[in-house]
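So you can see what is in the structure, the chains are spelled out below.
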Amino acid sequence: MSEVERSITIGLLGANHDITKLVGEAFGSPGTRSDLQFYNRLDSGMNMIFTAVAPIAYPEKIKSLVQTCAETSVHIMIIDSETGINSEIGEIMVIMDLYAQHFNSKFIAVIGGITPTNEWRVEEIQNQLPKVVANTSLKAMELVVLKDRENYQQLKQKVSDLFTSTPKPDPKDAPYSKVLIDHVFPVQGIGTVALGLVTKGQVKAGQMYDIVPVQNKVILRSIQKQDRDFKTAEEGDRVGLALKGIKGDKIDRNAIFCTLGAMTTSSKFQAKVHVSPYYRPQSESGMISPKDAKAYHAIADLGISPVKLLEGEDIAPGKTGVISLELEKELPHDRNGMRGIIADFGPFDKKLRIVAYFEQIIE
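In this text the structure is predicted, and so the values were computed from the model without any measurement.

Asker: So what exactly am I meant to see when it comes to the overall build of the chain here?
Answerer: Counting its secondary structure elements, the chain contains five helices and 22 strands. Here the C-alpha atoms of the chain give a radius of gyration of 20 Å, agreeing with the 21 Å that 2.2 N^0.38 yields for 363 residues. Projected onto its principal axes, the C-alpha coordinates of the chain cover approximately 55 × 55 × 35 Å. Across the 363 residues of the chain, 52% fall into the buried class. Residue pairs at least 24 apart in sequence account for 68% of intrachain contacts in the chain once pairs closer than 6 positions are excluded. Total accessible area computed for the chain in this model is approximately 16500 Å², and 47% of it derives from carbon and sulfur atoms. The positive charge centre, built from 42 side chains, and the negative charge centre, built from 45, are 4 Å apart in the chain.

And the structure:
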């Protein structure tokens, strides 16, 4: 691979999967598919490796939307010209805003699905969007209208420009290496293969790593990127990792592949909790409260666990407070503490399910 090639991960966030598919295929060929659909391509003309991820289980399953955001660095909000800025797009805006604020993700919006009968809506959306995002971290969001093939190429270039405006991180500067695993399967003659995205540092074939919280000390036998063998993989790379010393049925998205000793786990801790200003609690007080019996889930990286609010402050929408959280499952994080999203995993009924951002307090 050329030294100037860079890997970029893109979240395709929309509710119309036909339009999302068209956008995805502009970035790559369809690949791995489950509740997430991956698109991959090495674009030699742009010196860029594109990996796009679409949460095809959304809006039915909010976890697919959050996991897509966690696994990608540039987020594309895909607005259907037929339906405009509706409740699904509102929910997507909220999660994009949180990831832009707390995880430094980049963002852009597109309008697709344009037909002669709904083309009049394009100008309406163009006028409406800046007003909707004016008080969020998305206020500088650019909007691309997708009418023809040339527009899709323009989108690719704009996404590339967004990403390359940030200097390429030197893996030597990373305190540890980290891969978010999204799929695992056995391969005859090879053994366990984990698919995922390198989100920090560099991994090297032949070295030993942890898979937290599943198992310490597994050997990374080999690395594949774009169906080619490599000795190393760096931040942003979509990889296939051939692992020695572990069975695939022990690994799921709650596990993180990382440098030996880099990760720990937590299940009960105090956290700063910032409740979304757009969330409307169902409690009588109108606040998120430890007294509330409402069931929530915590999502940190790709890991998911039911979470209980044990004790602490009552927090109004748009405010921050401290609450003790207890996870049903231990989730991994580095020594700086766990960060993630609290969500309502109920079915979509045109009400926001993104509740809050949380950050573990390390004493």
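Moving on, there is more to tell.
Asker: Would you explain the sheet that holds strand 5 (residues 74-80) in this entry?
Answerer: The strands making up a sheet associate through backbone hydrogen bonding, with each pair oriented either parallel or antiparallel. Ordered in space as 2-3-4-1-5-6-7, the seven strands form an open sheet in which the pairing is mixed. In this open sheet, the two strands that pair with only one neighbour each are strand 2 (29-33) and strand 7 (143-145). With direction set aside, neighbouring strand axes in the sheet form an average angle of 25°. Bridge count between strand 3 (residues 36-43) and strand 4 (residues 48-55): eight bridges; the pairing is antiparallel.

Asker: Sorry, what's going on with a nonpolar patch on the surface here?
Answerer: Side chains of Met 208, Ile 219 and Leu 260 sit close together on the surface and give an oily, nonpolar patch of about 220 Å² of accessible area. Take Ile 219: it is sitting in strand 12 (residues 215-225). What makes Ile 219 partly exposed here is its relative accessible area of 30%.

Asker: Mind showing me how you'd approach the packing of helix 1 (residues 17-27) against helix 5 (residues 149-164) here?
Answerer: Relative orientation and spacing of two packed helices are given, respectively, by the angle between their axes and the distance between those axes. Axis separation between helix 1 and helix 5 bottoms out at 10 Å; the angle between their running directions is 65°. Taken together, helix 1 and helix 5 sit at an angle that is classed as roughly perpendicular. For the crossing formed where helix 1 meets helix 5, the hand is right-handed. Side by side, helix 1 and helix 5 meet where Leu 22, Val 23, Ala 26 and Phe 27 of the first sit next to Tyr 152, Leu 155, Lys 156 and Val 159 of the second. Its residues placed into classes, the contact of helix 1 with helix 5 shows seven nonpolar, no polar and one charged.

Asker: For this particular structure, what's the right way to read the side chain of Arg 353?
Answerer: Tracing the chain through its elements places Arg 353 in the loop between strand 21 (339-343) and strand 22 (354-360). A polar contact is formed between the side chain of Arg 353 and the backbone oxygen of Pro 59, at a distance of 2.7 Å. Leaving out residues up to four positions away in the same chain, Arg 353 has contacts with Tyr 58, Pro 59, Glu 60, Ile 62, Glu 91, Ile 342, Ala 343, Asp 344, Gly 346, Pro 347 and Phe 348.

Asker: Before we go on, may I ask you to explain helix 4 (residues 121-132) in this structure?
Answerer: Its 12 residues place the ends of helix 4 16 Å apart at the C-alpha level, agreeing with the 16 Å of an ideal helix rising 1.5 Å per residue. Within helix 4, the full set of buried residues consists of Val 122, Ile 125 and Leu 129. Looking straight down helix 4, one finds that the buried residues subtend no more than 50° of arc, so they occupy a single side. The exposed residues of helix 4 that point more than 90 degrees off its buried face are Glu 123 and Lys 131.

Asker: Explanation requested: the pattern of salt bridges in the structure shown.
Answerer: Think of it this way: side chains of opposite charge can pair up when their charged atoms draw near. Applying the stated criterion across every chain, the model contains 13 salt bridges. As a salt-bridge pair, Lys 225 and Asp 237 come within 3.1 Å of each other at their nearest N and O atoms. Residue Lys 225 is found in strand 12, and its partner Asp 237 is found in the loop between strand 14 (232-234) and strand 15 (238-244); the two are separated by 12 residues along the sequence. Both residues of the pair, Lys 225 and Asp 237, count as buried.

Asker: Would you explain the environment of Ile 251 in this entry?
Answerer: As for its placement among the helices and strands, Ile 251 is situated in the loop between strand 15 and strand 16 (256-258). Residues contacting Ile 251, with those up to four places away along its chain left out, are Ile 181, Val 184, Thr 192, Ile 211, Leu 243 and Ile 246.

Asker: How do you make sense of the environment of Asn 16 when you look at a structure like this?
Answerer: Looking at where Asn 16 falls in the secondary structure, it is placed in the loop between strand 1 (6-13) and helix 1. Asn 16 sits 287 residues away from Gly 303 along the chain, and the two C-alpha atoms are 26 Å apart. At 3.1 Å, the side chain of Asn 16 and the backbone nitrogen of Asp 18 are in polar contact.

Asker: Is there a simple way to explain the side chain of Glu 71 in this structure?
Answerer: Residue position: Glu 71 is located in helix 2 (residues 62-71). Setting aside residues no more than four positions away along its own chain, Glu 71 makes contact with Thr 9, Leu 36, Phe 38, Leu 180, Asp 182, Leu 197, Arg 238 and Leu 302.

Asker: How do you make sense of the sheet that holds strand 20 (residues 320-334) when you look at a structure like this?
Answerer: One closed barrel accounts for six strands, arranged 17-20-19-18-21-22; its pairing is antiparallel. Pairwise comparison of adjacent strand axes, ignoring direction, gives a mean angle of 40° for this sheet. Alignment of strand 17 (residues 263-275) against strand 20, held across 11 bridges, turns out to be antiparallel. For Thr 264, the partnering residue across the bridge sits in strand 20 and is His 333.

Asker: Looking at this model, I keep getting lost on helix 5. Mind explaining?
Answerer: Residues three or four positions apart in an α-helix share a direction because the helix packs 3.6 residues into each turn. Between its terminal C-alpha atoms helix 5 stretches 23 Å, which fits the 22 Å expected from 16 residues at 1.5 Å a residue. By the burial criterion, the buried members of helix 5 are Asn 151, Tyr 152, Leu 155, Lys 156, Val 159, Ser 160 and Phe 163. The opening residue of helix 5 is Asp 148, an N-cap whose side-chain oxygen sits 3.2 Å from the backbone nitrogen of Glu 150.

Calculation criteria
- Residue positions are given per chain, counting from 1 as you read along its sequence in written order.
- Thresholds applied to this predicted model are a pLDDT of at least 70 for local features of residues and 80 or more for the giving and counting of side-chain atom pairs; totals over whole chains, interfaces and linings are not thresholded and use all residues.
- Values reported for side chains reflect all heavy atoms of the structure, with hydrogen atoms and water molecules removed beforehand.
- To qualify as a helix, a DSSP run of H or I must reach at least 4 residues; to qualify as a strand, a run of E must reach at least 2; elements of each kind are numbered from the N terminus.
- Our radius of gyration looks at C-alpha atoms and nothing else; its globule reference is 2.2 Å times the residue count to the power 0.38.
- To sort residues, take the accessible area from a 1.4 Å probe on protein chains only and compare it with the maximum for the residue type: under 20% means buried, over 50% means exposed, and anything in between is partly exposed.
- Residues are treated as being in contact if the distance between any of their heavy atoms lies within 4.5 Å.
- Surface exposure here means Shrake-Rupley accessible area, sampled with a 1.4 Å probe, where a residue is shielded only by the protein chains that are shown.
- Here Asp and Glu are counted as negative and Lys and Arg as positive; His is not counted, and neither are the chain ends.
- Lys charges are placed at NZ, Arg charges at CZ, Asp charges at CG and Glu charges at CD.
- For two strands to pair, DSSP has to find at least two bridges joining them.
- To get an axis, a line is fitted to the C-alpha atoms, and for a helix only the part in contact is used. The angle between two axes follows their N-to-C directions and goes from 0 to 180 degrees.
- Exposure above 30% relative accessible area and no salt bridge define the residues that can form patches, which grow by joining like charges within 9 Å and nonpolar side chains of Val, Leu, Ile, Met, Phe, Trp and Tyr within 5 Å.
- Should a side-chain nitrogen of Lys or Arg be within 4 Å of a carboxyl oxygen of Asp or Glu, the pair is scored as a salt bridge.
- An angle below 35 degrees is read as roughly parallel, one above 145 as roughly antiparallel, one from 65 to 115 as roughly perpendicular, and any other as oblique.
- Note: crossing handedness is left-handed where the near helix turns anticlockwise from the far helix by less than a right angle, and right-handed where it turns clockwise.
- Residues are grouped as follows: nonpolar covers Ala, Val, Leu, Ile, Met, Phe, Trp, Tyr, Cys and Pro; charged covers Asp, Glu, Lys and Arg; every other residue, Gly included, is treated as polar.
- In protein, a polar contact means a hydrogen-donor-capable atom and an acceptor-capable atom, both N or O and within 3.5 Å, with residues adjacent in sequence counting only if both atoms are side-chain atoms; elsewhere, any N or O pair within 3.5 Å suffices.
- What a helix should span is 1.5 Å times the count of its residues minus one.
- Think of it as the arc spanned by the lines of direction from the helix axis to the C-beta atoms.

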